[in-house]
Amino acid sequence: MKIYSKRLLFNPMRSTPIIFLLIIQMAGFSEGMDRQALLPISEAELLAAQKTWGEAIVSIGKAYTQRQDYKAEAIKTVDELYDYAAGPVLFKPTKAAKNQFRSSRESAISYFVGGEIAEDHGFALQPWSAVRFENSAIILEESFAAAMGNYFFTNAKSGVEAKVEYSFIYRRDSQGALRIQLHHSSLPYQPEH
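Just so you know, the residues in each chain are numbered from 1, in the order the chain's sequence is written. Thresholds applied to this predicted model are a pLDDT of at least 70 for local features of residues and 80 or more for the giving and counting of side-chain atom pairs; totals over whole chains, interfaces and linings are not thresholded and use all residues. Side-chain descriptors were evaluated using all non-hydrogen atoms of the structure, hydrogens and water having been removed beforehand.

**Quick word on the pattern of salt bridges**
The following threshold applies: We define a salt bridge as a side-chain nitrogen of Lys or Arg found within 4 Å of a carboxyl oxygen belonging to Asp or Glu. Relative accessible area decides the class of each residue, using a 1.4 Å probe on protein chains only: under 20% of the type maximum gives buried, over 50% gives exposed, and in between gives partly exposed. Note on conventions: DSSP H or I runs of at least 4 residues are helices, E runs of at least 2 residues are strands, and numbering of each starts at the N terminus.
Following the criterion strictly, the structure yields 10 salt bridges and no others. Of the charged contacts, one joins Glu134 and Arg132 as a salt bridge, the two residues approaching to 2.6 Å between their closest N and O atoms. Accessibility expressed as a relative area gives 39% for Glu134, which makes it partly exposed. Glu161 serves as the salt-bridge partner of Arg132, at 2.9 Å between the closest nitrogen and oxygen. One end of the pair, Arg132, is in strand β3 (residues 128-140); the other, Glu161, is in strand β5 (residues 161-172), with 29 residues separating them in the sequence. Residue classification places Glu161 among the partly exposed positions, given a relative accessible area of 37%.

**Considerations on the pairing of strand β6 (residues 178-186)**
Each regular strand displays side chains that alternate between the two surfaces of the sheet. Rules: By the convention used here, strands pair only if DSSP detects at least 2 bridges between them.
Where strand β2 (residues 90-92) lies against β6, 3 bridges are found, and the strand directions are parallel. Across the sheet, the residue bridging to Leu90 is Leu182, located in β6. As judged from the 8 bridges shared by β5 and β6, these two strands associate in the antiparallel manner. Across the sheet, the residue bridging to Arg171 is Arg179, located in β6. Counting the residues in the hairpin turn of β5 and β6 gives 5 residues, including Gly176, whose phi is positive at 95°.

**Regarding empty space enclosed by the protein**
The test is simple: Within this scheme a cavity is a closed region of a 1 Å grid, computed over the protein atoms alone, that accommodates a 1.4 Å probe without allowing it to escape, whereas a pocket is open but has protein on both sides within 12 Å along at least five of seven lines; lining residues each have an atom within 4 Å of a point. Grid points are joined across faces, edges and corners, and a volume is the space filled by probe spheres set on the points. Asp, Glu, Lys and Arg are counted as charged, while Ala, Val, Leu, Ile, Met, Phe, Trp, Tyr, Cys and Pro are counted as nonpolar; the rest, among them Gly, fall into the polar class.
For the coordinates displayed, the defined rule picks out 1 cavity of 30 Å³ or more. The calculated volume of the largest cavity comes to roughly 50 Å³. Trp53, Phe91, Pro93, Thr94, Tyr111, Phe112, Phe123, Tyr151, Phe153, His183 and Ser185 are the residues that line the largest cavity. Looking at the lining of the largest cavity, the elements that each hand over two or more residues are α4 (105-113), β4 (145-155) and β6. For the lining of the largest cavity, a count of residues per class yields 8 nonpolar, 3 polar and no charged.

Interpretation in functional terms is not warranted from these geometric data alone.
Below, the structure is given as structure tokens:
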């Protein structure tokens, strides 16, 4: 896996937002903002965010098969991992044809468990027993992190893995938590010749 980082402490094109936030913090204007929110995202944090996302997808399916409140699990997943509280998220799910893009919280929840959009049958309700990430590359910047690669979903019934391609972009919220701002997911190209 390749890791790219272009962090230069005093690069004026990249450091201005960080310097501005530090000045605001020192002046006392950022009440409620956690100091962690000012730190660059590390590789370990990105990998932990991926692990948490995979565990959340498994948890939704498990709640569904155990006749628990799977919709509450999906709401928790979207609210805790995605950045919809700050505005639209660029989300292009794997199995979406008519409504390909899910920029609202409600449409993301519908994708995972069904409901709002007719084509949604609940991707997380498969259910899956595991999700593992294989990053092709990671970019670590001062204000965001990005990852691209393949993730593999293990079918809980058959044990067969489904390979899916992904791109994620994360940012830190005001409390220091990583939030997904972009999530693109698609099945690998299958040539017909």
